Amino acid sequence: MLSLAPEVEVLARFGRALADPIRCRLLLALREAPAHPSDLAEELGISRTRLSNHLACLRDCGLVVAVPVGRRTRYELADPRLGHALQDLRTAVLAVESDRTCPDAAAKGCC
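Residue indices begin from 1 for each chain and proceed along its sequence in written order. The predicted nature of this model means local features are confined to residues of pLDDT at least 70 and side-chain atom pairs, given and counted, to a pLDDT of 80 or more, with totals for whole chains, interfaces and linings taken over all residues. Heavy atoms throughout the structure, all of them, feed into the side-chain values; hydrogens and water do not.

Chemist: An account of the overall build of the protein chain is needed here, citing residue identities and associated values.
Modeler: Strands here mean DSSP runs of E at least two residues long; helices mean DSSP runs of H or I at least four residues long; both are numbered from the N terminus. On a plain count of helices and strands, the protein chain comes out with six helices and two strands. Counting from the amino terminus, the protein chain carries its helices and strands in the arrangement α-α-α-α-β-β-α-α. The buried share of the protein chain, reckoned over its 111 residues, is 25%. The contact criterion used throughout is that any non-hydrogen atoms of two residues lie within 4.5 Å. Once local pairs closer than 6 in sequence are excluded, the contacts in the protein chain between residues at least 24 apart make up 49%. In this description, accessible areas are obtained by the Shrake-Rupley approach with a 1.4 Å probe, and a residue is regarded as covered only by the protein chains that are shown. Accessible area for the protein chain stands at about 7700 Å²; split by element, carbon and sulfur atoms hold 56% of it. Partly exposed residues are those whose accessible area sits between 20% and 50% of the maximum for their type, while under 20% is buried and over 50% is exposed, using a 1.4 Å probe and protein chains only.

Chemist: Talk me through the environment of cysteine 24; I want residue IDs and the actual numbers.
Modeler: Residue placement: cysteine 24 occurs in helix α2 (residues 21–32). Owing to a relative accessible area of 22%, cysteine 24 belongs among the partly exposed residues under this scheme. In the structure, cysteine 24 is positioned 30 residues away from histidine 54 in sequence and 9.9 Å away in space, judged by C-alpha atoms. Dropping the residues within four chain positions of it, cysteine 24 is found in contact with Ala17 and Leu18.

Structure (C-alpha cells):
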C-alpha cells in the first residue's frame, strides 16, 4: 500500500512557504527569472537580512536553490514545474475567489 505521508509532508512544506506574503512575492519574482539577493531585496523593498531569512525558508522547503556565479549567488526555482504550479494555483484561487457560493461565508468569515 502506498503511503501518503511523504506527499502530505511535501504539500505541508509548500503551504508553509506560501503562508507568508513576502515568500509568495519571492516565488513569483523567481518564476519570472533567476535573480541575485541584492536585486530581489530591491525589487521587494525589504532588507537583505529579511530577504535572507525568507530565502533560507524557501531553500529548506526545497522550492529554491542557490547557484554560485563567480563570487555571487543567484537564486532560482528548484524545478521549472514550480513556476507552472504557481501560475495554476493563482488561476485556481482567482476562480474560486470570484465564485463565492458558500452560504456561510459572511457569518463565519471563512471564504
